[in-house]
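Structural description and commentary
Here are the chains, one letter per residue:
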Amino acid sequence: QVQLVESGGDSVQPGGSLRLSCTAAGFTINDYAMGWYRQAQGKQRESVAFISSSYTTKYADSVQGRFAISRDNAKNTVYLQMNSLKFEDTAVYYCSRGTYSGNIYYEDYWGQGTQVTVSS
């Protein structure tokens, strides 16, 4: 059974840092692309960061230079290091597994989410 379990969400002041973890079960992450998304209250879910099976990374413009996605295949875990946090980073953060149908990339599994709140 495929499972993604996020952890590490917390309340932090602006300028602070957090590291989110996504531990996978039921599959090996080194065979898949993995991603982090977020959804702020009243807004649509948006992509934050992506890491391919070959370690290529991509980031949303809003987090470029502040966030870093990484993967530890031995621990079957994906991380999101978030630095210089801003009020607008407040959201529920979700981990996802990516796969392909032909040339079409899509996410086929999601975690339950972890809340990140940036407030003073």
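Described in the following lines is the structure provided in the data block. Given the structure is predicted, the values throughout are model-derived calculations rather than measurements.

**Quick word on the environment of Tyr55**
For Tyr55, the location among the structural elements is in the loop between strand 5 (46-51) and strand 6 (57-59). Overall, Tyr55 belongs to the partly exposed group, its relative accessible area being 45%. Measuring from C-alpha to C-alpha, the distance between Tyr55 and Glu107 comes to 17 Å, with 52 residues separating the pair along the chain. Those residues in contact with Tyr55 that lie beyond four places of it in its chain are Arg71 and Asn73.

**Things to note about the packing of aromatic side chains**
The geometry of an aromatic ring pair is captured by two quantities: the separation of the ring centres and the angle between the planes. For the structure shown, the criterion picks out four aromatic pairs. Between the aromatic rings of Tyr37 and Trp110, the centroid separation amounts to 4.9 Å while the plane-to-plane angle is 70°, which identifies the pairing as edge-to-face. Of this pair, Tyr37 sits in strand 4 (residues 33-39) while Trp110 is found in strand 10 (residues 104-110), placing the two residues 73 residues apart along the sequence. A connected cluster of aromatic rings, assembled from ring pairs, spans Phe50, Tyr100 and Tyr105. The aromatic ring of Tyr94 is capped on one face by Arg45, whose charged end is 3.8 Å from the ring centroid. One Lys or Arg, Arg97, reaches over the ring of Tyr32 and ends 4.0 Å from the middle of that ring.

**Considerations on the pairing of strand 3 (residues 18-25)**
Where strand 1 (residues 3-7) meets strand 3, five bridges bridge the pair, whose relative direction is antiparallel. Along strand 3, the bridge assignment pairs Glu6 with Cys22. The sheet contact formed by strand 3 and strand 8 (residues 77-82) spans six bridges and is antiparallel. Bridge pairing links Thr23 to Thr77 in strand 8.

**Describing the environment of Gly26**
Relative to the helices and strands, Gly26 resides in the loop between strand 3 and strand 4. In this structure Gly26 comes out as exposed when scored by relative accessible area, which is 58%. Separated by 31 residues in sequence, Gly26 and Thr57 have C-alpha atoms that sit 24 Å apart. Excluding residues within four positions of it along the chain, Gly26 makes contact with Gln1 and Val2.

**Some thoughts on the nonpolar core**
If you look at the biggest cluster of nonpolar residues, it comprises 27 residues, and the most contacted ones within it are Trp36, Leu80, Met82 and Tyr93. The element best represented in this core is strand 3, accounting for four residues.

**As for the sheet that holds strand 7 (residues 67-72)**
Spatial ordering of the open sheet is given by 1-3-8-7, a layout of four strands whose pairing is antiparallel. Of all the strands in the sheet, the pair left with one neighbour each is strand 1 and strand 7. Shown here is a sheet whose adjacent strand axes are inclined to one another by a mean of 15°, direction ignored.

**What about the pairing of strand 7?**
Here strand 7 shows a buried face lined by Phe67, Ile69 and Arg71 and an unburied face lined by Ala68, Ser70 and Asp72. Relative to strand 8, strand 7 runs antiparallel, the two being bridged by six bridges. Counted as the bridge partner of Asp72 is Thr77 from strand 8. Where strand 7 hands over to strand 8, the hairpin turn is made up of four residues, of which Asn76 adopts a positive phi near 55°.

What counts, and at which threshold
- Residues numbered from 1 in each chain as written.
- Predicted model: local features only at pLDDT ≥ 70, side-chain atom pairs only at ≥ 80, totals over all residues.
- Heavy atoms only, no water.
- Helix = DSSP H or I, 4+ residues; strand = E, 2+ residues; numbered from the N terminus.
- Buried < 20%, exposed > 50% of the residue type's maximum accessible area, 1.4 Å probe, protein only.
- Contact = heavy atoms within 4.5 Å.
- Phe/Tyr/Trp six-rings, centres within 6.5 Å; stacked < 30°, edge-to-face > 60°.
- Lys NZ or Arg CZ within 6 Å of the ring centre and 35° of its normal.
- Pairing = 2+ DSSP bridges.
- Core = buried A, V, L, I, M, F, W, Y, C linked by side-chain atoms within 4.5 Å.
- Axes fitted to C-alpha atoms, helices over the stretch in contact; angles between N-to-C directions.

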